[in-house]
Structures are given as structure tokens and as C-alpha cells.
Amino acid sequence: NRSRGSRLNIIIVAEGAIGSQGQHISSDFVKNNRADKKRLNIIIVAEGAIDCHNKAITPDYIKDLVVSRLGLDTRVTILGHVQRGGTPSAFDRILASRMGVEAVVALLEASADTPACVVSLVGNQAVRLPLMECVQMTQEVQKAMDEKKFDEAVRLRGRSFEHNLSTYRLLASRKADSELPNSSFNVAVLNVGAPAAGMNAAVRSAVRVGITEGHKMFAVNDGFEGFHKGQIKEIKWGDVGGWTGQGGSLLGTKRTLPGKHLDKIAEQMRINNINALLVIGGFEAFESLLELYEARAHYEEFCIPMCILPATISNNVPGTDHSIGADTSLNAIVETCDRIKQSASGTKRRVFIIETMGGYCGYLATVGGLAAGADAVYIFEEPFDIRDLQTNVEHLTHKMKTSIQRGLVLRNENCNENFTTDFIYQLYSEEGRGVFDCRKNILGHMQQGGAPSPFDRNFGTKVAAKAVQWITRMLKESYKGGKVFANSEESACLLGMRRRAMVFQPLAQLQEETDFVHRIPKDQWWLKLRPVMKILAKYKIDYDVSESGQLEHVTQVRPKESDFSASI
């Protein structure tokens with residue numbers, strides 16, 4: 001904590017198995033931050049950090065360096081084993097469940113000639129890697145470091161590690177104006193739809209990468225409603241400082257679609273000379289850019305590169321397995337379920353009926369139920385009737401007659417217009433009479449609020465950086481005759497994770513994959529997790545192994561866009 005008016009540096013030591021080359025600590029770096037009125041600097045040191053001569057970089061050494069050269073008050077904090085403890089996040093619970101299933105399937109499919117393997121996730125796809133190749137690669141990393149081949153060591157750590165490091169370096173400090181490339185392009189950033197944790201991290205990343213690319217960045221307040229009213233202003237590097245950990249949308253966001261204000265939006269784009277558009281939001285953002293794309297025939301102002309970054313707790317945007325904000329919402333659901341179950345400790349057998357958000361998309365209910373250990377989850381995508389409800393009640397009643405004391409049932413808010421949360425609560429209460437009692441809880445908008453999780457901060461930061469780099473490339477390709485003109489399908493895209501790859505997908509093609517009535521994709525990967533959830537709830541069902549991973553080699557070339565390994 002800082003007292004008012006104080007200036008403080010904090011050096012944090014983070015635990016890590018393998019040391020890595022320490023980034024050069026320059027007094028000018030901290031001095032420049034002070035000049036930009038940044039009152040707090042944090043320097044993180046891996047416990048195995050070394051310099052280019054393979055000498056250890058200690059936190060005390062860095063503290064003495066900062067104090068002696070800059071005369072700034074500096075403290076050292078060693079995190080230690082607090083990094084190992086705590087309740088597992090929703091991310092870790094789902095990851096463990098998926099990898100556990102994959103490990104069992106790998107054992108069942110193994111023969112006498114199958115090499116020992118390591119189960120892993122690349123992007124959103126399970127893979128199996130030969131154990132000895134993984135060991136060899138780890139040894140190669142250490143060998144490269146011993147030989148002071150640090151760039152080689154970074155490369156050997158994998159594409160994800162390499163891109164994470166380069167993205168951090170890109171965002172950590174601003175280049176001098178003389179070092180920036182020459183660009184006359186103006187790029188606008190706005191949020192559309194409901195707030196989602198991680199939006200601000202994405203805006204920060206987009207603004208800073210855009211400035212690094214030489215563009216002039218503009219922020220639009222209150223989505224397209226603010227756009228047609230002219231709420232557009234240039235946003236600088238320092239304006240987005242400290243945004244990464246902020247929840248909600250600091251730019252402001254509205255659900256208003258642009259269709260009724262196309263004339264005024266086109267006028268504002270002319271006035272501000274907007275050459276590209278980056279929209280961060282949920283299903284409304286997808287619909288909004290579709291409207292702009294379809295209006296290109298009438299408005300030349302919309303013939304510019306446009307990109308969507310999916311950001312919604314519902315995770316219902318087509319073209320992506322994961323959306324910014326969904327992980328934070330899952331953590332809120334899982335944490336609440338844990339607390340609700342704990343509240344009944346020491347009481348008689350009890351079942352909790354919990355309603356989640358998500359519209360018609362059952363992602364939050366299903367994945368949250370898997371992470372929280374639910375006995376049943378009701379969603380729109382998997383229709384159910386009164387016979388299914390009766391089967392679930394009987395199954396849970398049978399379980400509660402044993403040593404099990406707690407039951408958990410999740411219901412998506414729009415799973416069925418007749419089988420409401422109240423109906424399910426009353427049904428379970430009546431049928432379980434004498435065995436267990438029931439309580440119901442509607443989580444509501446608490447699933448939307450709060451600071452973004454580490455996953456959403458990193459995911460938002462990396463996808464925004466990638467989107468701006470794509471926009472830069474598209475601007476250069478479409479700049480002809482002194483103006484930007486981009487009218488192809490490929491110039492209006494959504495950046496999303498598909499299995500193991502981050503891909504830019506034309507909006508026109510994604511229309512065919514979308515159920516616009518219910519605002520969900522027609523095909524959703526997480527439905528394959530439902531059998532796992534039912535098996536863990538002790539239902540006897542078959543498990544489809546067609547999506548299980550295949551044995552690969554560590555040395556094989558990964559897909560070009562596979563920069564997000566170990567994502568859920």
C-alpha cells in the first residue's frame with residue numbers, strides 16, 4: 001500500500017523451475033516512467049534469473065541499483081510458496097478434468113509399442129507428446145542457456161513463450177517518436193455490448209501496439225451510440241496506463257446497433273478520417289460489424305479494415321472457442337458455488353439449485369458445473385423433458401442416501417421457458433422430501449463484475465496485439481491512390497481461437513455458422529464436455545473418444561497461428 005503522495009518501487013520475486021535471461025534493467029526505464037507521472041513501478045524477478053554472463057540477478061542487487069542510481073524508495077517482496085497454495089481456479093479445474101480424461105483414454109488406447117507420453121493442450125486441443133522428447137527439449141533449453149545462447153533458449157521454450165515475451169516487451173515501454181515508423185493511418189477502438197472483464201486490457205494493448213506501429217489511435221466512448229454522436233477522441237500511450245486490471249469497460253459500452261445511424265457514423269468517420277476499426281464486444285459487436293460490412297455498397301467510409309475481438313461472458317460469439325471475459329465469469333460462478341456448498345456444512349443433506357446467465361448459450365452453466373462438481377446442468381442446447389428431470393431427481397436421491405451430503409444443480413437462464421428455476425426447485429423439494437431439502441440461488445449480474453482473471457488479462461492483451469498487427473498489414477495492402485479502400489470479405493474479420501489456432505475469419509462466412517434467433521453458434525465445442533460432467537456425477541453413459549488427442553512429436557512444426565498453447 002502507498003501513502004498519499006509517496007513514490008515507491010516494488011521488486012517481486014517469482015518462483016520458477018528454470019532461470020531465464022533477465023531483461024536489462026535500465027535506470028532510464030524507471031526514470032522515464034517517473035517522468036510520465038507513473039508513481040509505482042513493479043519489477044518482477046524470476047528466482048532463477050541470470051544476466052548475459054550467467055551470473056544470478058538477485059532482487060537485492062536490483063534494489064541497490066535503483067536506490068543508488070535514482071535514489072528512489074524501493075522494497076523487496078519474496079512471494080515464496082504462496083504461489084503454490086489457494087483454491088484452484090475454474091481454468092485449472094477444467095484443464096485438470098480434460099487432461100485427466102485424455103490420460104485415461106491414452107492408456108486405454110496404448111499398446112506394448114506405444115511410447116510413454118505427456119498429455120497437454122495446444123490452443124484448445126488435447127495432444128500427446130512423447131515423454132522422452134519433452135525431457136530432451138527441456139535439457140536443450142538448459143544447455144542453450146549454459147552456452148549463453150539465450151535467443152535459442154527462448155525459441156526452444158516454444159512459440160507461445162516466445163510470443164508472450166515479445167508482446168510484453170512491445171507493451172512495457174514506449175519507443176521514442178523518432179524510432180516509430182511513419183504512418184498516416186487513424187485507427188478507432190470501441191466496445192460494444194455488455195461489459196466483460198478483460199475489455200480494458202484489450203483496449204490498452206490495442207492502443208499501445210497501434211502507437212508502436214506508428215498509427216494515431218482514437219477511442220470511441222459508449223459504442224456505436226457514442227460513435228454517431230461524435231464521442232471520439234485521440235488516446236495516447238499514458239492514457240491507458242493501469243487499465244489491465246480494471247473490470248468493466250472504461251471506454252463505456254452500449255448494446256446499440258449502428259443500423260439506424262449509418263449516415264451519422266459515416267459522417268464521423270469522414271470527419272475523423274478513420275482508416276480502420278477495432279471492435280471489442282459480444283454478439284452485438286458481431287451483428288454491428290455485419291451491418292457495416294453489408295452497408296459498404298452505399299457507404300465508401302465503411303470500406304476499411306474492420307476486426308472484432310469476441311468479449312462476452314456468455315461465450316456465444318461464432319468463430320471462437322473462447323471469448324474475453326468468460327473465464328472471469330466462470331471464476332465468479334465456481335467461487336460462489338463453493339461458498340454456497342460450504343454454507344451448508346454441518347447441516348443435513350441439502351441440494352442447491354443455481355441459475356446462471358448466458359442467454360440461450362449454456363457455456364457458463366456447463367463449464368461452471370463441471371468445475372464446481374454439479375450433479376445436473378440444464379441448458380437450451382440439450383433439450384430435456386419432465387422424464388429427464390425425474391431421472392435426475394431419482395439419481396440424486398439415490399446418491400443422497402449414501403454418504404454424500406451436498407447436491408448441486410445448475411440451470412441456464414433460458415434453457416426452457418416452462419421448466420423455470422422455481423419449477424425445478426419445487427420439483428426437487430417435493431421429490432426429495434425426507435431425503436434432502438433444497439435451496440435456490442440466482443447469481444445474476446455478479447457474474448459480469450469484478451477484476452479480470454489472469455487468463456482474461458493475458459488473453460485480451462495478446463489477441464488485441466495480434467488484431468492491430470493484422471490491421472496494420474491490411475492498411476498497407478489496401479492503401480492506394482492516397483486513400484484506404486478495402487472492400488473484400490477478408491477485410492472484415494473476427495479473430496478467434498479455433499482448436500489449436502488463432503485465425504482471422506471473414507464475417508460473411510461466419511453468418512452460415514450462426515443461429516441469429518437464439519444468438520449462439522450452431523456448433524459449440526464445449527458440448528463435448530457434458531459427458532465428462534455426467535460421468536463425474538456418477539451417471540452411466542458412453543464417452544465419445546473421436547476427439548481425443550493423437551501422439552505427436554515435440555519437434556514438429558506447429559501451425560503458424562498457434563500462439564496460445566495451454567488455453568482452456
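The residue count restarts for each chain, going from 1 along the sequence in the order it is written. This being a predicted model, a pLDDT of at least 70 is required before a residue's local features are given, and a value of 80 or more before pairs of side-chain atoms are given or counted; all residues contribute to the totals for chains, interfaces and linings. Heavy atoms throughout the structure, all of them, feed into the side-chain values; hydrogens and water do not.

As annotated in an unreviewed UniProt entry, the protein carries the name Phosphofructokinase, platelet b and is attributed to Iconisemion striatum. UniProt positions are given in the numbering used here, feature names are shortened, and annotations may be inferred rather than shown by experiment. Per UniProt, the comment on the protein under Catalytic activity (unreviewed entry) is "beta-D-fructose 6-phosphate + ATP = beta-D-fructose 1,6-bisphosphate + ADP + H(+)". Recorded under Pathway (unreviewed entry), the UniProt text for the protein is reproduced unchanged: "Carbohydrate degradation; glycolysis; D-glyceraldehyde 3-phosphate and glycerone phosphate from D-glucose: step 3/4."

A. Here's a closer look at the pattern of salt bridges. Definition used for salt bridges: Asp or Glu carboxyl oxygen within 4 Å of a side-chain nitrogen of Lys or Arg. This structure, assessed with the given rule, holds 27 salt bridges. Salt-bridge contacts for Lys254 lead to Glu225; the nearest nitrogen and oxygen are separated by 3.5 Å. Within this pair, whereas Lys254 is found in strand E9 (residues 253–254), its partner Glu225 is found in helix H8 (residues 223–228), the two being separated by 29 residues in sequence. For the exposure calls, accessible area comes from a 1.4 Å probe over protein chains only, and a residue counts as buried if that area is under 20% of its type's maximum, exposed if over 50%, partly exposed in between. When its relative accessible area of 32% is taken as the criterion, Lys254 is described as partly exposed. In this structure, Asp385 engages Arg387 in a salt bridge whose closest nitrogen and oxygen atoms are separated by 2.9 Å. The helix and strand labels rest on DSSP assignments: H or I over at least four residues marks a helix, E over at least two residues marks a strand, and numbering proceeds from the N terminus.

B. Highlighting the packing of helix H11 (residues 326–343) against helix H12 (residues 363–372). All axes are obtained by fitting lines to C-alpha atoms, using only the stretch in contact for helices, and the reported angles, taken between N-to-C directions, cover 0 to 180 degrees. Relative to each other, H11 and H12 sit at 50°, their axes nearing to 9 Å. Viewed along their axes, H11 and H12 adopt a mutual orientation that is oblique. Note on packing geometry: the crossing formed by H11 with H12 is right-handed. Taking contact as the criterion, the partners of Ala326, Ser329, Leu330, Ile333, Val334, Cys337 and Lys341 in H11 are, on H12, Tyr363, Leu364, Val367, Gly368, Ala371 and Ala372. For the contact of H11 with H12, the per-class residue count stands at 10 nonpolar, two polar and one charged. The labels follow the angle: roughly parallel below 35 degrees, roughly antiparallel above 145, roughly perpendicular from 65 to 115, and oblique for the rest. Each crossing is labelled by how the near helix is turned from the far one, with a counterclockwise turn of less than a right angle marking it left-handed and a clockwise turn marking it right-handed. When checking whether two residues touch, look at their non-hydrogen atoms; a contact exists if any pair is within 4.5 Å. Charged residues are taken to be Asp, Glu, Lys and Arg, nonpolar residues to be Ala, Val, Leu, Ile, Met, Phe, Trp, Tyr, Cys and Pro, and polar residues to be all remaining types, Gly included.

C. Representation of the UniProt feature "domain: Phosphofructokinase" (unreviewed entry) in the protein within the structure. UniProt marks residues 29–106 and 186–471 with the feature "domain: Phosphofructokinase" (unreviewed entry), using the numbering shown here. Between the first and last C-alpha atoms of residues 186–471 the distance is 11 Å; the span itself is 40% helix and 18% strand.

D. Geometry of the nonpolar core. Only buried residues count toward a nonpolar core. Its members are Ala, Val, Leu, Ile, Met, Phe, Trp, Tyr and Cys residues joined through side-chain atoms within 4.5 Å. Core analysis: the biggest nonpolar cluster contains 81 residues, and Phe224, Leu277 and Leu278 have the highest contact counts within it. Of all the elements, helix H15 (residues 454–478) adds the most residues to this core, at 11 residues. Source of the domain bounds: an automatic or database domain assignment. A domain-level breakdown of this core finds at least three residues from each of domain 2 (91–171) and domain 3 (181–324 + 452–525). Each residue touching Leu277, except ones within four places of it in the same chain, is listed here: Ala188, Leu190, Phe224, Phe227, Leu289, Leu292, Ile304, Pro305, Met306, Cys307 and Ile471.

E. Expanded view of the domain arrangement of the protein. Assigned domains within the protein: domain 1 (9–81), domain 2 (91–171), domain 3 (181–324 + 452–525) and domain 4 (326–448). Each of domain 3 and domain 4 was reduced to a C-alpha centroid, and the two centroids are 36 Å apart. Each side of the interface is counted separately: domain 3 has 19 residues, and domain 4 has 15 residues. We define buried area as the total accessible area lost by two parts upon association, computed with a 1.4 Å probe and summed across both. Summing the contributions of domain 3 and of domain 4, the shared interface buries around 1400 Å²; its carbon and sulfur component is 60%. When the buried surface of domain 3 facing domain 4 is broken down by residue, Ile313, Ser314 and His518 rank first, second and third, together holding 41% of it. For the interface between domain 3 and domain 4, the tally reads zero salt bridges. Throughout this description, a polar contact denotes any pair of N or O atoms lying within 3.5 Å of each other; where both atoms belong to protein, one of them has to be capable of donating a hydrogen while the other can accept it, and for residues adjacent in sequence the pair is counted only when both atoms sit in side chains. Linking domain 3 with domain 4 are six residue pairs in polar contact (both at pLDDT 80 or more), by the criterion used here.

F. How the structure looks around the pairing of strand E10 (residues 276–281). Summarising burial for E10: six of the six residues are buried, a large majority. When DSSP finds two or more bridges between two strands, those strands count as paired. Here strand E6 (residues 186–192) pairs with E10 via six bridges, running parallel. Within E10, the position partnered with Val189 by the bridge is Leu278. You can see the chain leave E10, run along helix H10 (residues 283–294) and come back into strand E11 (residues 306–310), and the turn it takes is right-handed. Viewed with both strands pointing away, a crossover whose connecting path from the first strand over the helix to the second turns clockwise is right-handed.

G. Region of the structure containing the sheet that holds strand E15 (residues 437–442). Strand order across the open sheet formed by four strands is E13-E14-E12-E15, with parallel pairing between neighbours. Both outer strands of the open sheet, strand E13 (376–378) and E15, are each paired with one neighbouring strand and no more. Neighbour-to-neighbour, the strand axes of the sheet open up by a mean angle of 15°, direction not taken into account. Set on the sheet, H12 makes contact with strand E12 (350–356), E13 and strand E14 (406–412); between it and E14 the angle comes to about 165°. Contacting E12, E13 and E14, helix H13 (residues 386–400) runs over the sheet at an angle of about 160° to E14.

H. Representation of the pairing of E14. The element E14 is extensively covered by neighbouring structure, given that six of its seven residues are classed as buried. Alignment of E12 against E14, held across seven bridges, turns out to be parallel. The residue of E14 that forms the bridge with Thr356 is Asn412. When E13 meets E14, the two strands line up parallel, connected through three bridges. Counted as the bridge partner of Tyr378 is Arg411 from E14.

I. Expanded view of a nonpolar patch on the surface. Only residues whose relative accessible area exceeds 30% and that take part in no salt bridge are eligible for patches, with like-charged residues grouped when within 9 Å of each other and nonpolar side chains (Val, Leu, Ile, Met, Phe, Trp, Tyr) grouped when within 5 Å. Accessible areas in this description were obtained via Shrake-Rupley with a 1.4 Å probe; residue shielding takes into account the shown protein chains only. A contiguous nonpolar surface patch, about 290 Å² in accessible area, is contributed by Ile535, Ile541, Tyr543 and Val545. Within the secondary structure, Ile535 sits in helix H17 (residues 530–536).

J. Up close: the side chain of Arg204. By secondary structure assignment, the location of Arg204 is in helix H7 (residues 199–212). Here the side chain of Arg204 touches Thr244 through a polar contact of 3.4 Å, side chain to side chain. Beyond its immediate sequence surroundings of up to four residues, Arg204 is in contact with Leu171, Val240, Trp243 and Thr244.

K. Structural view of H13. To estimate how far a helix should extend, the number of its residues minus one is multiplied by 1.5 Å. Between its terminal C-alpha atoms H13 stretches 21 Å, which fits the 21 Å expected from 15 residues at 1.5 Å a residue. On its buried side, H13 packs onto E12, E13, E14 and helix H14 (421–431).

L. Here's a closer look at the packing of aromatic side chains. In this analysis, rings of Phe, Tyr and Trp, with Trp reduced to its six-membered ring, are considered paired at centre separations within 6.5 Å, and the interplanar angle assigns stacked below 30 degrees, edge-to-face beyond 60, and tilted for intermediate values. What the rule picks out here adds up to 14 aromatic pairs. Between Tyr299 and Phe302 the ring centres are 5.2 Å apart and the planes differ by 40°, which places this aromatic pair in the tilted class. With a relative accessible area of 19%, Tyr299 lands in the buried category. Pairing Tyr378 with Phe384 gives two aromatic rings, centres 4.9 Å apart and planes at 40°, and the pair type is tilted. The exposure classification of Tyr378 matches that of Phe384, with both residues buried. Three or more aromatic residues joined by ring pairs make a cluster, and in this case those are Tyr378, Phe384, Phe419 and Phe423. Stacked on the ring of Phe161, the Lys or Arg Arg157 has its end atom at 4.2 Å from the ring centre. By definition, being over a ring means that NZ of Lys or CZ of Arg is both within 6 Å of the ring centre and within 35 degrees of the ring normal.

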